[in-house]
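# Inside the fold
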Amino acid sequence: MYHLISSINMAQESNEERLRRTCLDYFDEYVFNQLPLYLIRLSDMELLSRNDIWEDVRPLVDIPKLNYQGVLLESCEEYVRNLVEFAILSHRWGFGEPQFYEMSSKRYGKKTMPTGPGFEKLLEFCKKARDDYGCAYAWSDTCCINKESSTELEEAIRSMYRWYKDAYVCIVHLAQTSSIKDFPSEPWFTRGWTLQELLAPRRLRLFGKDWRPICPEKEDLSGDGDEVDSFPYPNDKRSSFMLMAISQVTDIHVKHLHNTPLQSISVCERMTWASQRQTTRVEDVAYSLFGIFDISIPIAYGEGGRAFYRLMEAIVQRCTDPTLFAWAGKRSPYSLALPSSPACYRRTVPGTVPGNYLPKSTFLRGLPPDIGDPSYTNTKLGLQVKLLVVPVRGHHSTGPPRCEFTPIDTALPHTITAFSRHISPDIDGYALGIVNYTATDETHGELHAGKYYFCMLLLRLWTHYTNYATLRLKIPTKNLLTFYSIVTFREKLETVCLSHNWVD
């Protein structure tokens, strides 16, 4: 009996030691690879590096308790994350924001804390993080990014979406808001970087300009007694009322605000969210979308609009969603087959007429994965994709610059209006490239009666450069070309190469 008990104790000790080693290994990996590069320690407002946090917290790593069956009461990962929980700030920069060099005392020597409105905002954020959410650390983009180091700046930009996702809570400061009624005029909802700061966090809490939590009026919640009793929420993503208010001002569906995996949402839908947002630097239009599309490309401030072109190239390489082609407006100066910015995916395009433009949300949301050609690729000549191509005749119409196109095939007696200054209807070779057809087999596509479709206006380029695909030019139009199919139509698919450049 003694030997049996001794063997059990040795096994238990071995398990405990193994568990401790596992926790320490995970702690090391988490601190140096998952945590932000710098965090503010809330107990004394000191800015700490990953090394500082490792030295402070690692001695505190204890063996998580085991129950009598030897099963962890809490996972090792959760245990470690709880040791270094941090809150993260989302806001618009204002006057006198504290900078990294002002907070980094180890590099610049001990000094008095900065002052000013920006620092007062930081202190209020840190107070909320400590008192309301029990966090020991906090992160703010004003002072926790070392912009003097290009390497650290690039890592921060590439990792920022993940940092917002991993934070215990994201505290949002709306500097021009006192109530939900102010949302339409609040700049936070129109900026590029704040899109990921809205979508990524698991917990989100909105505070107004006086640092009071944004809550609905009681009369607004009169029909929902539970919400009246439980406000203010510690997490606005758990409040159907708050999510609806955010959805109305951002045009993001409520279900996508519930931490829905973004890769399950169409490219067009995600681009639409960014279509009316602005950034101070042109490059940030692309860089702020890294996390939204799970893309990582080199950072190169100074490249201007080429950054968005490189982002689109990366999306094309990874994506199998044909709604990437559902854009209208200005083409990229680096490729005539790609859009110049997210604004090309805007839901409503000025200058369209009723009946010729259908809001994308009515047919692009929730498309099944077998719609269109998911295997489109980027080549040296252009984007290669299988389309259902329908030749059309064109003629000018009165009014703004526009042209009406009628399919030559009488099975599709539908006139489509294209608003564009780049159309010469006297030229032969125009066709509609229908994107979201249903593939019946490898060579044929089908349109179904009673369904909406979107297409591109194409011009055939007569060239000997390619034999494996028809080289066509995508004609830019101000409106997304859509139509309603009144018949079921089946046609052979055509492999099209959408030219990057004009080819004579």
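The name that an unreviewed UniProt entry assigns to the protein chain is Heterokaryon incompatibility domain-containing protein, with the source organism given as Paxillus involutus ATCC 200175.

Attention shifts here to the overall build of the protein chain. Each helix and strand in the protein chain was counted, giving 15 helices and 20 strands. Every one of the 504 residues in the protein chain was classed for burial, and the buried ones make up 51%. Partitioning the contacts of the protein chain with sequence separation of at least 6, the portion at a separation of at least 24 is 68%.

Applying the stated criterion across every chain yields a total of 16 aromatic pairs. Relative to Phe189, the ring of Trp188 lies with its centre 5.1 Å away and its plane at 85°, an arrangement referred to as edge-to-face. Of the two residues, Trp188 and Phe189, neither departs from the other in class, the shared state being buried. Among the aromatic residues, those joined into a cluster by ring pairs are Trp139, Trp163 and Tyr164. In this structure, Arg205 packs its charged tip against the face of Phe207, placed 5.8 Å from the ring centre.

Turning our attention to unusual backbone geometry. Although it is not a glycine, Trp211 sits at a positive phi angle of roughly 65°. Along the chain, Trp211 falls in the loop between β6 (204-207) and α9 (225-230). For Asp251, which is not a glycine, the phi torsion comes out positive at approximately 65°. Mapped onto the elements of the fold, Asp251 is located in the loop between α10 (240-250) and α11 (267-274). Looking at Asp251, the relative accessible area reads 39%, which means it is partly exposed.

Here the focus is the sheet that holds strand β1 (residues 38-41). The strands that make up a sheet are held in pairs by hydrogen bonds between backbone atoms, and each pair lies either parallel or antiparallel. Taken in spatial order, the 6 strands line up as β2-β1-β4-β3-β5-β6 in an open sheet, and their pairing is mixed. Among the strands making up the open sheet, the edge pair consists of β2 (46-49) and β6. Pairwise comparison of adjacent strand axes, ignoring direction, gives a mean angle of 30° for this sheet. Here 4 bridges tie strand β5 (residues 169-173) to β6, and the two strands are oriented parallel to one another. Looking at the pairing, Cys170 lines up with Leu204 of β6.

Attention shifts here to the pairing of strand β16 (residues 451-460). For β16, the tally of buried residues reaches 7 of 10 residues, placing the bulk of the element in the interior. Both strand β13 (residues 430-434) and β16 contribute to a ladder of 5 bridges, which runs antiparallel. Following the sheet pairing, Tyr430 is matched in β16 by Leu459. Note that β16 and strand β17 (residues 470-474) share 3 bridges and pair antiparallel. Paired with Arg460 across the bridge in β17 is Arg472.

Once that is clear, we can look at the sheet that holds strand β15 (residues 444-447). Overall, antiparallel pairing links the 3 strands, which are arranged β14-β15-β19 in an open sheet. Every other strand in the sheet has two partners, leaving β14 (438-439) and β19 (489-492) as the edge strands with one partner each. Here β14 pairs with β15 via 2 bridges, running antiparallel. Across the sheet, Thr438 pairs through a bridge with Glu446, a residue of β15.

The next subject is the environment of Arg346. Mapping Arg346 onto the fold places it in the loop between β8 (335-339) and α15 (361-364). With 18 residues separating them in the primary sequence, Arg346 and Ala328 have C-alpha atoms 8.3 Å apart. For Arg346, the side chain forms a polar contact with the main-chain oxygen of Ser275, separated by 3.3 Å.

Before going further, it helps to spend a moment on the nonpolar core. Judged by nonpolar contacts, the single largest core of 122 residues is most densely connected at Trp139, Phe183, Ile315 and Phe325. When residues of this core are assigned to their parent elements, the largest contribution, 8 residues, is made by helix α14 (residues 306-318). In this structure Ile315 touches Val267, Met271, Phe293, Ile295 and Leu324, once residues within four positions along its chain are discounted. Of all hydrophobic cores here, the second largest spans 29 residues; its members include Phe405, Tyr430, Ile434 and Ala469.

Here α10 has its buried residues at Met242, Leu243, Ala245, Ile246, Ser247 and Thr250. For α10, the secondary structure elements touched by its buried residues are α8 (193-199) and β6. The first or second residue beyond α10 is Asp251, which carries a positive phi of 65°.

Turning our eyes to something else, we now look at the side chain of Thr194. Its place among the elements puts Thr194 in helix α8. Within the structure, the side chain of Thr194 is placed 2.6 Å from the backbone oxygen of Trp188, a separation counted as a polar contact. Contacts of Thr194, omitting those with residues within four sequence positions, involve Ser90, His91, Trp188 and Arg277.

Averaged over all residues, the pLDDT of the protein chain equals 85, while 82% of them reach at least 70. Taken as a whole, residues 1-11 scores under 50 in pLDDT and shows 0 contacts with residues more than four places along the chain or in a different chain. Note on residues 365-369: pLDDT under 50 across the span, and 6 contacts to partners over four residues away in sequence or across chains.

With that out of the way, let us pick up a nonpolar patch on the surface. Residues Tyr452, Tyr484 and Ile486 make up a contiguous nonpolar surface patch of about 300 Å² in total accessible area. Tracing the chain through its elements places Tyr452 in strand β16.

Attention now moves to the pairing of β2. What you see with β2 is no split at all: Glu46 and Leu48 on one side and Leu47 and Ser49 on the other are buried throughout. The pairing of β1 with β2 spans 4 bridges and is antiparallel. Of the residues in β2, the one forming a bridge with Leu39 is Leu48. Between β1 and the antiparallel strand that follows it, β2, lie 4 residues; Met45 among them carries a positive phi value of about 60°.

Cut-offs applied
- Residues numbered from 1 in each chain as written.
- Predicted model: local features only at pLDDT ≥ 70, side-chain atom pairs only at ≥ 80, totals over all residues.
- Heavy atoms only, no water.
- Helix = DSSP H or I, 4+ residues; strand = E, 2+ residues; numbered from the N terminus.
- Buried < 20%, exposed > 50% of the residue type's maximum accessible area, 1.4 Å probe, protein only.
- Contact = heavy atoms within 4.5 Å.
- Phe/Tyr/Trp six-rings, centres within 6.5 Å; stacked < 30°, edge-to-face > 60°.
- Lys NZ or Arg CZ within 6 Å of the ring centre and 35° of its normal.
- Pairing = 2+ DSSP bridges.
- Axes fitted to C-alpha atoms, helices over the stretch in contact; angles between N-to-C directions.
- Polar contact = N/O pair within 3.5 Å; in protein donor to acceptor, adjacent residues only side chain to side chain.
- Core = buried A, V, L, I, M, F, W, Y, C linked by side-chain atoms within 4.5 Å.
- pLDDT = per-residue confidence, 0-100.
- Patch = residues over 30% accessible without salt bridge, like charges linked within 9 Å, V, L, I, M, F, W, Y side chains within 5 Å.
- Areas by Shrake-Rupley, 256 points an atom, 1.4 Å probe, with all protein chains shown as cover.
- Salt bridge = Lys/Arg side-chain N within 4 Å of Asp/Glu carboxyl O.

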